[in-house]
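So the chains spell out like this:
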Amino acid sequence: MNVTLNNIEVMMFYIMVAAYFLSAAISWLTLVVKKEWLEHLATGMAFIGLVGNTVAIVVRTIISQRPPLSNGYEFILTFCWGIVAIYLFAQLRYKVRNLANFVMPIPFLLLVFIIMTMGPDERVAAAIPPALKSYWLTFHVLTAMLSYGAFAISFGLGLMYLIKAKKEEKFGVESVDKGWTSRFPASQVLDELSYKIIGFAFPMLTLCIITGAIWANYAWGTYWSWDPKETWSLITWIIYAAYLHARLMYGWKGKRAAWLGVIGFIAVLFTFFGVNYFLPGLHSYA
Amino acid sequence: MSRQTESIMDKVWNIFSSMKTGLVLLGVIAVVSGIGTLIPQEALDPGGAKSVNSLWKMLGFTHLYSTSWFRLILGLLSINLLVCSIQRFNGIYRKTFKPQPPQSASSIPSKIQTRISGNDKKLREAVSEVLKHKGYQLKINEQEGRWSFIAQKHKWGNWGSLITHIAFIVLVVGALVGSMTGFKGFFMAGEGETLPIQQIKVSKGNVAENFYVKINSAEDRVLANGERDNWYTDLSILESGQEVARQTISVNHPFSYQGVTFYQSSFAQGGKFTVNVNGQKVPFILQNKGGNYFQAPGTDLYFILAAVKADPKAPIVLYQVYQGNSSQPLAMGQMNLGEVNKINDTVSLTFDGLSSFTGLQVKKDPGVNLVWLGCALLMIGLVLSFYWRPHTISGILEMQEESYLHMGAIRGKLAVGTQEEFNQIVADIKKRLASDSVRS
Ligand code: HEM
């Protein structure tokens with residue numbers, strides 16, 4: 001039975017790769033071929049990918065008999081799920097055209113990262129040490145998935161803001177944009193949506209850090225040990241806190257705040273990848 | 001003179017009440033913390049920390065997060081937050097609990113505003129009903145010829161940022177208390193051993209308690225599928241020889257006694273032996289891979305357990321015997337269960353069976369409850385800030401022949417969202433007025 005399940009998981013993985021790629025590629029095509037049905041197709045592809053992603057996660061859970069959250073491969077699967085689920089929610093709720101251009105390449109590139117760097121033995125459902133058997137850990141990774149996913153969306157919105165605001169500066173807010181950014185929402189809308197999404201994600205990130213601290217305290221008796229991963233999650237947290245305050249400060253609203261939002265997501269990625277690959281640390285689990 | 005000191009005080013106060021100062025401090029903390037992940041830290045990588053340039057070492061960069069200057073920055077941020085909170089407290093209190101209906105049209109928020117005209121009674125009724133239906137609380141002021149109101153929804157959301165800021169102070173205080181008091185240590189002990197808590201290896205602080213810990217048993221439990229389930233230690237706390245508490249702990253399931261918490265952290269195999277010196281038999285246990293040693297009483301012979309084959313049915317041990325300070329073993333040998341080996345004319349060794357050693361982290365952190373309180377407050381504050389956003393709408397109705405209502409909403413941080421909510425309310429009021437006029 002596990003062989004069948006494994007095959008299903010592999011198949012779902014390639015469906016995800018293809019669907020996320022097509023969703024991103026078609027979105028870029030709509031900049032030139034401004035057809036509504038193409039936009040729907042791109043959204044549909046993201047949806048198909050999400051279904052594949054969901055099945056892959058469920059299958060992995062059945063195979064390993066535990067939440068699929070304990071190695072880099074499993075975490076990237078859930079990370080992608082978080083990004084695409086929140087993207088689709090934002091897309092359906094707020095109808096931000098061209099958001100997929102900036103968001104959908106992220107899950108695609110994450111999957112490419114798996115393909116390029118992880119051999120089959122790094123992807124298998126392996127046994128986990130006793131320290132990882134904790135509900136707090138499940139909660140920790142779940143909140144990480146939601147906050148990181150949402151930060152990916154605000155990253156996309158931040159880039160769109162910077163591009164759109166530049167155009168508006170050049171031609172005036174009231175002018176009709178005829179260029180490739182014509183379908184972007186107005187910069188003010190992008191800014192506010194980005195703030196809303198960070199407003200959702202910031203408490204999630206905080207909860208992620210807190211549940212991590214609770215778990216560490218149960219496992220090792222230390223709620224915070226300043227290992228590089230913890231420290232970088234704190235830096236990420238500070239950047240987003242700075243973003244929230246920048247919006248309230250004269251002269252920082254708008255462009256500088258948008259940059260902070262973009263940098264924040266780079267810090268998220270560094271916390272996840274950079275720390276594992278560039279910095280030594282204790283946080284060896286994912 | 002006094003004026004001058006006052007102005008210096010004012011200046012200091014102004015610096016500490018400024019959000020810009022706060023952002024600079026946060027930025028410094030982020031950058032410094034980041035540097036700390038690039039330089040090996042003593043706590044995580046003692047070997048690497050030794051090889052760091054001595055100037056950096058002197059400045060504390062190899063134990064950056066516990067340096068006094070890092071703590072100073074955290075302290076300054078806390079003062080900043082405290083000053084900020086004191087300054088904002090009154091305003092938030094008044095906004096939440098003492099909302100004032102507007103006295104004139106000029107105090108109605110201007111960015112989101114509308115004018116509705118109609119019969120004054122019906123207008124009043126429609127406004128009150130619609131806002132109440134939407135979850136707003138109304139406060140009304142009536143003076144001759146003028147009716148005004150202020151309506152609030154989710155008013156506790158106003159407290160979100162203040163609670164978040166206080167929470168951060170509580171966290172810093174909790175962490176500081178933890179780092180200045182309490183202790184942290186480790187011990188490894190075999191089944192059946194009893195040791196005074198004073199004797200554990202302490203890596204931080206001092207142990208003031210003086211109870212004893214007895215390891216009743218330790219077990220490395222494996223699941224049917226061959227994966228490790230967990231390590232379990234059954235331990236008792238003894239006070240003047242009496243057992244006062246007993247608990248089985250495992251990884252992720254610690255146990256606390258009088259604020260001292262025991263965490264399962266490692267596990268090792270070992271063996272039970274008996275040494276016979278001139279007919280006097282003494283049982284003892286040894287930890288695998290030379291984790292400890294045993295000196296045979298009345299001799300200068302030391303026993304070490306070099307290796308174990310932990311097959312429960314047919315265990316085998318490899319032991320070594322050292323004499324005095326010699327670094328070369330005097331004797332070594334392999335034994336099966338129950339086997340007796342002669343070491344010399346007067347000393348012999350018996351292998352009695354397998355044993356287990358358990359490694360426990362021991363910690364006392366009186367600040368930890370403050371830290372959890374800070375975390376709870378932080379979450380409450382953030383939920384109030386972002387999931388419970390306050391809305392305030394106010395309006396004034398001038399009663400004349402043809403009355404009209406001036407109504408506006410405070411824009412808050414979501415201009416588009418607030419405008420949408422406001423438009424919805426205005427539409428509902430107009431719908432209500434229209435249906436009223438159809439009925440009458
Ligand atoms: C650890 C550091 C800090 C955290 C986690 C934090 C968190 C927050 C949060 C979550 C908000 C609400 C933002 C929003 O609703 O969009 C906020 C608002 C605010 N913060 Fe902070 N903050 C921190 C430091 C500071 C500092 C140092 C200051 C200044 C002294 C400050 C001043 C303010 C002010 C004035 C507001 C505006 C509140 C309002 O307009 O409703 N914060 N903060």
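How each quantity is defined
Residues numbered from 1 in each chain as written. Chains lettered and ligands numbered in written order. Predicted model: local features only at pLDDT ≥ 70, side-chain atom pairs only at ≥ 80, totals over all residues. Heavy atoms only, no water. Pairing = 2+ DSSP bridges. Helix = DSSP H or I, 4+ residues; strand = E, 2+ residues; numbered from the N terminus. Expected span 1.5 Å × (residues − 1). Bend = angle between axes of the 7 residues up to and from the residue. Buried < 20%, exposed > 50% of the residue type's maximum accessible area, 1.4 Å probe, protein only. Contact = heavy atoms within 4.5 Å. Buried area = accessible area lost by both parts, 1.4 Å probe. Salt bridge = Lys/Arg side-chain N within 4 Å of Asp/Glu carboxyl O. Polar contact = N/O pair within 3.5 Å; in protein donor to acceptor, adjacent residues only side chain to side chain.

Student: So what about the pairing of strand β4 (residues 183–190) of chain B? Which residues, and what values?
Tutor: All names here are of chain B. Of the strand pairs in this sheet, β4 and strand β6 (residues 201–205) are connected by four bridges, and their pairing is antiparallel. Looking at β6, one finds that G185 is bridged to V202. For β4 and strand β18 (residues 347–364), the ladder comprises eight bridges, and the chain directions are antiparallel. Note that in β18 the partner of F183 across the bridge is K364.

Student: Requested: an account of helix α5 (residues 68–97) of chain B, with residues and values cited.
Tutor: Residues and elements named next belong to chain B. With 30 residues, α5 ought to run about 44 Å at 1.5 Å a step, and its terminal C-alpha atoms sit 42 Å apart, in line with that. Where α5 bends most, the angle comes to about 40°, and this point is R88. If you check which residues of α5 are buried, you get F70, I73, L74, L77, S78, N80, L81, V83, C84, S85, I92 and T96.

Student: Describe the interface of chain A and chain B, listing the residues and the values that go with them.
Tutor: The interface is formed by 45 residues belonging to chain A together with 47 residues belonging to chain B. Summed over both sides, the interface of chain A with chain B buries roughly 4100 Å², with 71% coming from carbon and sulfur. The tally of links between chain A and chain B comes to zero salt bridges. Our enumeration of links across chain A and chain B arrives at eight residue pairs in polar contact (both at pLDDT 80 or more).

Student: Account for the environment of B:N206, naming residues and giving values.
Tutor: All names here are of chain B. Here N206 is to be found in the loop between β6 and β7 (212–222). Here N206 falls in the exposed class, since its relative accessible area comes to 68%. Each C-alpha atom, one on N206 and one on T181, is 8.5 Å from the other, the two residues being 25 residues apart in sequence. If we ignore the near neighbours within four places in the chain, the residues touching N206 are G182 and F183.

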